[in-house]
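Tertiary structure, described
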Amino acid sequence: MKVAITSTGNSLESTLDSRFGRCNYFVVYDTESHSTEFIPNPNKENVEGAGPASVQLVASKGAKKVVSGEFGAKVKSIFDSLQIQLVVLNDAEKKIKDIIELLNH
């Protein structure tokens, strides 16, 4: 299963980005092949619509689960309609590698 994680940077040492639509990077991790892809968020500077545009981006990558610090009200219903599970992690210090480790257990 592919899981999208919001990240402050493009390395496994980066930390979770608390903002979904305006995060710096999306990390798409595949729990089966253990592959990791870092995608710069092209929507982070959008004046409006960053959240819905980011939903389309992670959905296009095949994500079935998204981990972030918070999700705006607009995107929750879109994720529901796409049957993508949301995971809220209230730990801005959590490193991407630690989140991936949790996903593997």
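Structure shown above.
The structure presented is a predicted model; accordingly, all values stated were derived computationally and were not measured. (Residues numbered from 1 in each chain as written. Predicted model: local features only at pLDDT ≥ 70, side-chain atom pairs only at ≥ 80, totals over all residues. Heavy atoms only, no water.)

What about the pairing of strand β3 (residues 36–40)?
For a regular strand, the rule is simple: side chains alternate between the two faces of the sheet. What counts is decided by this rule: What makes two strands pair is DSSP finding at least two bridges between them. By the criteria applied, helices consist of DSSP H or I runs no shorter than four residues and strands consist of E runs no shorter than two, each listed in order from the N terminus.
Both strand β2 (residues 25–30) and β3 contribute to a ladder of five bridges, which runs antiparallel. If you follow Val28 over to β3, its bridge partner there is Glu37. The antiparallel pairing of β2 with β3 creates a hairpin that spans five residues between the two strands, and His34 there sits at a positive phi of about 60°.

What to know about the pattern of salt bridges
What counts here: The salt bridge definition used is simple: a Lys or Arg side-chain nitrogen within 4 Å of an Asp or Glu carboxyl oxygen.
In the structure shown here, the tally under the stated rule is four salt bridges. With its nearest N and O atoms 3.9 Å apart, the salt bridge here joins Glu13 to Lys95. Here Glu13 is found in the loop between β1 (2–7) and β2, whereas its partner Lys95 is found in the loop between β5 (85–88) and α3 (96–103), with 82 residues between them in sequence. We note a salt bridge from Glu37 to Lys61, for which the minimum N-O separation is 3.5 Å.

A short note on the sheet that holds β1
Quick note on the threshold: Lines fitted to C-alpha atoms define the axes, with helix axes restricted to the stretch in contact, and inter-axis angles between N-to-C directions lie between 0 and 180 degrees.
Taken in spatial order, the five strands line up as β3-β2-β1-β4-β5 in an open sheet, and their pairing is mixed. The strands lining the two open edges of the sheet, one partner per strand, are β3 and β5. Taken over all neighbouring pairs, the strand axes of this sheet differ in orientation by 20° on average, direction set aside. As paired strands, strand β4 (residues 63–68) and β5 are joined by four bridges and run parallel to one another. Paired with Ser68 across the strands is Val88, a residue of β5.

Topic: the side chain of Ser68
Put simply, the rule reads: In protein, a polar contact requires one atom able to donate a hydrogen and another able to accept it; more generally it is a pair of N or O atoms within 3.5 Å, and residues adjacent in sequence count only if both atoms are side-chain atoms. Contacts were defined at the residue level, with two residues in contact if any of their heavy atoms lie within 4.5 Å.
Along the chain, the position of Ser68 falls in strand β4. Engagement of the side chain of Ser68 in a polar contact is seen with the side chain of Thr6, the distance being 3.1 Å. Look past the residues within four positions of Ser68 in its chain and what remains in contact with it is Thr6, Leu16, Asp17, Ser18, Arg19, Phe20, Val87, Val88 and Leu89.

Quick look at unusual backbone geometry
Filter applied, for reference: Working definition: with a 1.4 Å probe on protein chains only, accessible area under 20% of the residue-type maximum means buried, over 50% means exposed, and in between means partly exposed.
Unusually for a residue other than glycine, His34 sits at a positive phi of about 60°. Along the polypeptide, His34 turns up in the loop between β2 and β3. Under the relative-accessibility criterion, His34 is labelled partly exposed at 48%. Unusually for a residue other than glycine, Gln83 sits at a positive phi of about 55°. By the element assignment, Gln83 lies in the loop between α2 (73–82) and β5. Under the relative-accessibility criterion, Gln83 is labelled exposed at 69%.

Bear in mind that shape data such as this cannot, by itself, settle questions of function.
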